[in-house]
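Listed below are the residues making up each chain.
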Amino acid sequence: MLDPKDLRNNLEALAGQLRRRGFELDTACYGDLEERRRRLQIDTQALQNERNRQSKAIGQAKARGEDIAPLLAEVAQLGARLSAANEALQATHVELQRLQLEIPNVLHSSVPDGADEADNIELRRWGDRPTFDYTPRDHVELGALNQEMDFEAAAKLAGARFVVLRGRLAQLHRALTQLMLDLHTQEHGYEEVYVPYLVNPQVMRGTGQLPKFEEDLFRVAAENPLFLISTAEVPVTNLVRERIVEADVLPLRFVCHTPCFRSEAGSYGKDTRGMIRLHQFDKVELVQVVRPETSYGVLEELTIHAEKVLQLLELPYRVVALCAGDVGFAATKTYDLEVWLPGQQCYREISSCSNYEAFQARRMQARWRNPATGRPEPVHTLNGSGLAVGRCMVAVLENYQQADGRVRLPTVLQPYFGGRDYLDD
RNA sequence: GGAGAGGUGGCUGAGUGGACGAAAGCACCCGACUUGAAAUCGGGCGAGCCUAUGGGCUCCAAGGGUUCGAAUCCCUUCCUCUCCGCCA
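Residues numbered from 1 in each chain as written. Chains lettered and ligands numbered in written order. Predicted model: local features only at pLDDT ≥ 70, side-chain atom pairs only at ≥ 80, totals over all residues. Heavy atoms only, no water.

(A) Structural detail: the sheet that holds strand 13 (residues 346–355). Here we have eight strands laid out as an open sheet, ordered 1-11-12-13-16-10-9-4, and mixed in their pairing. Strand pairing shows two members of the sheet lacking a second neighbour, strand 1 (121–126) and strand 4 (191–192), which therefore form its edges. In this structure, strand 1 lies alongside strand 11 (residues 317–321), joined through five bridges in antiparallel fashion. Its bridge partner lying in strand 11, R125 is registered against R318. Against the sheet, helix 13 (residues 389–399) contacts strand 10 (280–290), strand 12 (333–341), strand 13 and strand 16 (380–388), and its axis sits at roughly 35° relative to strand 16. (Pairing = 2+ DSSP bridges. Helix = DSSP H or I, 4+ residues; strand = E, 2+ residues; numbered from the N terminus. Contact = heavy atoms within 4.5 Å. Axes fitted to C-alpha atoms, helices over the stretch in contact; angles between N-to-C directions.)

(B) Examining the sheet that holds strand 15 (residues 375–378) more closely. One open sheet accounts for three strands, arranged 8-14-15; its pairing is mixed. Taken across any chain shown, the strands that pair with only one partner, and hence form the sheet edges, are strand 8 (243–245) and strand 15. Across the sheet, the axes of successive neighbouring strands diverge by a mean angle of 40°, strand direction being ignored. Two strands pair when backbone bridges link them, and strand 14 (residues 366–370) and strand 15 are joined in this way by four bridges, in the antiparallel orientation. Opposite W368, over in strand 15, you have E377 as the bridge partner.

(C) Region of the structure containing the protein's contact with RNA strand B. Surveying the vicinity of RNA strand B reveals 23 residues, the closest of which are R8, Q41, Q48, S55 and Q60. Within 4 Å of the protein, the contacting atoms of RNA strand B are 68% sugar and phosphate, with bases supplying the remainder. Between RNA strand B and the protein, one listed contact pairs a sugar or linking oxygen with a side-chain N or O atom of Q48 at 2.7 Å. At 3.2 Å, a side-chain N or O of N52 approaches a phosphate oxygen of RNA strand B. Elements with a contribution of two residues or more to the surface near RNA strand B: helix 1 (4–9), helix 3 (27–63), helix 4 (69–75), strand 14 and strand 15. Sort the elements by how many residues they give to the surface near RNA strand B and helix 3 lands first, with 14 residues. Taken together, the residues of the surface near RNA strand B break down into five nonpolar, nine polar and nine charged. (Near = heavy atom within 4 Å. Polar contact = N/O pair within 3.5 Å; in protein donor to acceptor, adjacent residues only side chain to side chain. Nonpolar A, V, L, I, M, F, W, Y, C, P; charged D, E, K, R; others polar.)

(D) Focus on a negative patch on the surface. Together, D116, E117, D119 and E349 make up a region of like negative charge exposed at the surface. Structurally, D119 is set in the loop between helix 5 (78–101) and strand 1. (Patch = residues over 30% accessible without salt bridge, like charges linked within 9 Å, V, L, I, M, F, W, Y side chains within 5 Å. Areas by Shrake-Rupley, 256 points an atom, 1.4 Å probe, with all protein chains shown as cover. Salt bridge = Lys/Arg side-chain N within 4 Å of Asp/Glu carboxyl O. Lys, Arg positive; Asp, Glu negative; His and termini not counted. Charge placed at Lys NZ, Arg CZ, Asp CG, Glu CD.)

(E) Seen up close, the side chain of R241. Inspection of the secondary structure assignment puts R241 in the loop between helix 10 (233–237) and strand 8. Side-chain polar atoms of R241 contact the side chain of N238, separated by 2.6 Å. Within the structure, the side chain of R241 is placed 3.4 Å from the side chain of E242, a separation counted as a polar contact.

(F) A look at the nonpolar core. One finds L172, L176, L315, L387 and L397 to be the most contacted residues of the largest nonpolar core, which totals 51 residues. Residue assignment for this core shows that the elements contributing at least two residues are helix 8 (167–186), strand 10, helix 11 (295–312), strand 11, strand 12, strand 13, strand 16 and helix 13. Looking at this core element by element, the count peaks at eight residues for helix 8. Once you skip the residues sitting within four places of it in the chain, L176 turns out to touch L313, V389, C392, M393, V396 and L413. L14, I103, L107 and Y356 belong to the second-largest nonpolar core, a separate cluster that totals 24 residues. (Core = buried A, V, L, I, M, F, W, Y, C linked by side-chain atoms within 4.5 Å. Buried < 20%, exposed > 50% of the residue type's maximum accessible area, 1.4 Å probe, protein only.)

(G) Spatial organisation of helix 11. Given a rise of 1.5 Å per residue, 18 residues ought to cover 26 Å, and the 26 Å separating the end C-alpha atoms of helix 11 matches this to within 8%. Along helix 11, the positions that sit buried rather than exposed are S295, V298, L299, L302, T303, H305, A306, E307, V309 and L310. Looking one or two places after helix 11, you find E314, whose phi comes out positive at around 55°. (Expected span 1.5 Å × (residues − 1).)

(H) Geometry of the confidence of the model for chain A. Averaged over every residue, the pLDDT of chain A is 93; the share at 70 or more is 100%. For this predicted complex, the interface score ipTM comes out at 0.85, alongside a pTM of 0.94. (pLDDT = per-residue confidence, 0-100.)

Shown next as structure tokens:
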């Protein structure tokens, strides 16, 4: 959510900024609605003031033992007028809020122009791509060789876009998760948290998944509906919802391993092969809640924390600045990490690191007490994958494959496998 | 799942229809005393919105209702605690 005061005072300027990302804000409609709200609020409050005054007068008259009948007659009309005014005001509030929740965040000035991912800017590359004297296999072929990656078994259980991992691959998946959690807790100063995988609609709205992106989510039918989390960002960021935290507890740094559930509506036919795009995948997520003036520095730092995982695994990757048309709804600025996949001969997203500034904080009412002003002000929130575990496993398999189909283990993972050099010994 | 008790400001906790956005204590901030600190004393101290100064409005878990007037009465939902049952 953008700052309502900003929307009131700088509507045209904001609309101009939003146009960069291809969003057209109907300023006439919004402005009218805002003006109507203001008038109704003034009218309603005047009526409420009147009612409060007269009610007090009645109380006082009664205490003095006077006849209150004339006073009651005077107030008689007020109730109906008040409730009518209130209803109109409420309706306008609801309408205004509906609009506000569907307006995306304003981009940071450093975000490059562009329409889609083709316009993203590569910032840097790291690592040497492996060379093969044969056509490298992709992870599906590698997984099939030892029968430890089973899409058919998963389809029987749940349908397309799921996977069953067995034996060494299940173990590799777990080892990668462990490596990431160890790194971020021990080297980068994050606190590990364990959270619910089902959350209520308010929480989904807090981070921006609702109301606009409901079709991407799995909803669990119940008296009070719950949603499966699409990322740990949702429950972890919402840990500060409706709270005012003291300045000295910031920055809050959380790392959290969860499964993520996505309906992948609208991606039919895309990445149907293998583990790249599943309805359920595991991810280790980094979340920071920070003082506003630090958030862009923190974005750089958080991105480096995510990169460190790839560096430890010695996986070649590049860092990309998303262009205006590709930055997500709630973010002001995003860096993607893309890992090299020999089986696809391309770089694929494995992490996305974003600053949300106060956009999520306003929706969540997450504030800090700013010592400079003494007042509660919205915090800034950030998050980034550190990393997507499934895609990371794909990258290890494809980059570390040997001609005979075996997979060498990255040095950093060998302790998780009793010091073995190869996954399949 | 059954029975009961509750949800009030950062915390503890009073308030059961009228001057209550809310006593008191703790915590915190400012000042006095002090070489400094502690103790003591005085003052301040929830959030949001509207408003030209003054001020006004809303919020006592959430949503409805009764009433001229609701933290207080009624209904629904959510949550917490205690006992019993069940259970990884």
